[in-house]
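Listed here are the chains, written in short residue letters.
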Amino acid sequence: PLVSASWDSSVLSSGINAEYGGGKMKQIENCNYAIELGKELSFVLVGIDGNNLHDGDKLTLALVWQMMRFYTLQLITHDGKVLKDNEIIAWCNEKITGAGKDSNFSNFKDASLANSRAIVDLIEAIRPGHINYDLLTAASNDEEKFLNAKYAITMARKIGARIFALPEDIADVNPKMMMTVFACIMSVGFAKDQMK
């Protein structure tokens, strides 16, 4: 589903070997095609081939991450221009501040993001009344951070954001995944703004 959402379906159907029961060679052929498409989109795929994907090698994560990033950034393309990380952060901080909240952050590595407060504040800024702040913990330990992250992900999905991150990605402040969380929530905000 992620591939079909990211790449034109006519390009996909022309190169996929859909023959049923084709065996390992046909599967690897399709995996090689996925790598080829990734390179056409300027993904950095050095030292990765169809065998890596077929075998589930850890190098597969490089392709999966770049597909997630590509898909996420397509959601928030503004006037034909893909937004950069600093533009995403500025937009999020502006929305949060505009809603009277003070959970701003400076980058996707910001340790303050571990408590999930900026995420829920952004959700509340975009869809007022959706967050029950009584359900948030003080985030004073790892378990409480994890619970807040679960709640943040649930609420982001509830407003229509396609979140790929896991609670531990937020609680541990995984910068790559934090970018996708904020960008996906931002896409919901963009859609709401366009409906006005």
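Residues numbered from 1 in each chain as written. Predicted model: local features only at pLDDT ≥ 70, side-chain atom pairs only at ≥ 80, totals over all residues. Heavy atoms only, no water.

Enquirer: Help me out: how do you make sense of the nonpolar core in this one?
Expert: Nonpolar side chains tend toward joint burial in soluble globular proteins. Core analysis: the largest hydrophobic core is formed by 45 residues, its most contacted members being Ile88, Phe105, Ile119, Ile163, Phe182 and Ile185. Of all the secondary structure elements, the ones that give two or more residues to this core are helix H5 (60–75), helix H6 (85–98), helix H7 (117–126), helix H8 (142–158) and helix H10 (175–195). (Core = buried A, V, L, I, M, F, W, Y, C linked by side-chain atoms within 4.5 Å. Buried < 20%, exposed > 50% of the residue type's maximum accessible area, 1.4 Å probe, protein only. Helix = DSSP H or I, 4+ residues; strand = E, 2+ residues; numbered from the N terminus.)

Enquirer: Could you clarify how one ought to interpret the pattern of salt bridges in this entry?
Expert: Inspection of every chain in the model, using the stated rule, returns two salt bridges. Residues Lys81 and Glu87 are paired through a salt bridge, measuring 2.8 Å at the closest nitrogen-oxygen approach. With a relative accessible area of 26%, Glu87 lands in the partly exposed category. (Salt bridge = Lys/Arg side-chain N within 4 Å of Asp/Glu carboxyl O.)

Enquirer: Is there a simple way to explain the environment of Trp91 in this structure?
Expert: Note on placement: Trp91 falls in helix H6. Placed 92 residues apart in sequence, Trp91 and Ala183 show a C-alpha to C-alpha distance of 9.8 Å.

Enquirer: What is the right way to look at the side chain of Thr60 in this model?
Expert: Tracing the sequence through the fold places Thr60 in helix H5. Within the local environment of Thr60, its side chain forms a polar contact with the backbone oxygen of Asn52, the two atoms lying 3.2 Å apart. Setting aside residues up to four positions removed in sequence, Thr60 forms contacts with Asn52 and Leu53. (Polar contact = N/O pair within 3.5 Å; in protein donor to acceptor, adjacent residues only side chain to side chain. Contact = heavy atoms within 4.5 Å.)

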